[in-house]
Amino acid sequence: MLLKGGAGPLRVEAAEVRRALACVAAMEEEAARFYANLANVVRVAELSAALLFLSGECRNAARLLEALYGRAEGDCSSELGQAGLEVLQRLRELNDRLERGWTPGPARVAELLEEMSSEDRVAGKEVYCQMAAAVASAYVAGVGRALLMAVAERERSYLRVLRRIAAELREIAEEAAGPAPLPRAAGAALEAVAATRSPLPP
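All of the points below concern the structure found in this document.

**Re the nonpolar core**
Membership of the largest hydrophobic core comes to 43 residues, with the highest contact counts inside it found for Phe34, Tyr35, Leu38, Leu51, Leu113 and Leu169. Broken down by secondary-structure element, the contributors of at least two residues to this core are helix H1 (15-41), helix H2 (45-69), helix H3 (77-99), helix H4 (106-116), helix H5 (125-136) and helix H6 (142-177). In terms of residue count, H1 provides more of this core than any other element does, 13 residues in total. Other than its neighbours up to four places away in sequence, Leu51 contacts Tyr35, Leu38, Ala39, Val42, Leu113 and Ile165.

Shown next as structure tokens:
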């Protein structure tokens, strides 16, 4: 399968691959919105900046794929398959909530980032896009193949960034919550031990 030049979007010999990559572009655009929305609710400057960086990278990938393969048409259900469609719908749902004023705390943001970086049954956006770009690269040649492989590699590297952000947010949430109270039985045992000790001499 070869990319052919010409005005407008490049044409791929198999139309279904072109449509699928256009839908991956739509997913990248939703991910860009998602990370930007989360950056607005995260109160740690370094982590917010990291999310904005990821947002910009997703938007760049979306524009690249759209320039090569055109804009997505329809709901992308046949092009992305069930797993991909669920990721796209989930991103849209979360973006709608965030843009209506939902402000999740650090622990909930960590959960959302872990969801997007999940490798469980290709559930996460980064994993899905990484695999989609890598698979599609087998059907194109020349600079198109190099660009798709670059997108796949980018997704792989950003998995580590997302997981690091999530881990730091969890640490922040745990520190804010303070030490967990002792179970009642453990507390009673400690009190009994303390009661048996002789008082310190004056």
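**Observations concerning the packing of aromatic side chains**
All chains considered together, the criterion is met by two aromatic pairs. Relative to Tyr35, the ring of Phe34 lies with its centre 5.5 Å away and its plane at 50 degrees, an arrangement referred to as tilted. As far as the burial class goes, Phe34 and Tyr35 line up, both buried. Plain terms: the ring middles of Phe53 and Tyr158 are 5.9 Å apart, the flat faces sit at 85 degrees to each other, and that makes the pair edge-to-face. One end of the pair, Phe53, is in helix H2; the other, Tyr158, is in helix H6, with 105 residues separating them in the sequence. For Phe53, a relative accessible area of 45% gives the class partly exposed. Taking relative accessible area as the criterion, Tyr158 reaches 10% and is therefore assigned buried. If you follow Arg97 out to its NZ or CZ, it ends over the ring of Trp102, 3.8 Å from the centre.

Rules and cut-offs
Residues numbered from 1 in each chain as written. Predicted model: local features only at pLDDT ≥ 70, side-chain atom pairs only at ≥ 80, totals over all residues. Heavy atoms only, no water. Core = buried A, V, L, I, M, F, W, Y, C linked by side-chain atoms within 4.5 Å. Buried < 20%, exposed > 50% of the residue type's maximum accessible area, 1.4 Å probe, protein only. Helix = DSSP H or I, 4+ residues; strand = E, 2+ residues; numbered from the N terminus. Contact = heavy atoms within 4.5 Å. Phe/Tyr/Trp six-rings, centres within 6.5 Å; stacked < 30°, edge-to-face > 60°. Lys NZ or Arg CZ within 6 Å of the ring centre and 35° of its normal.

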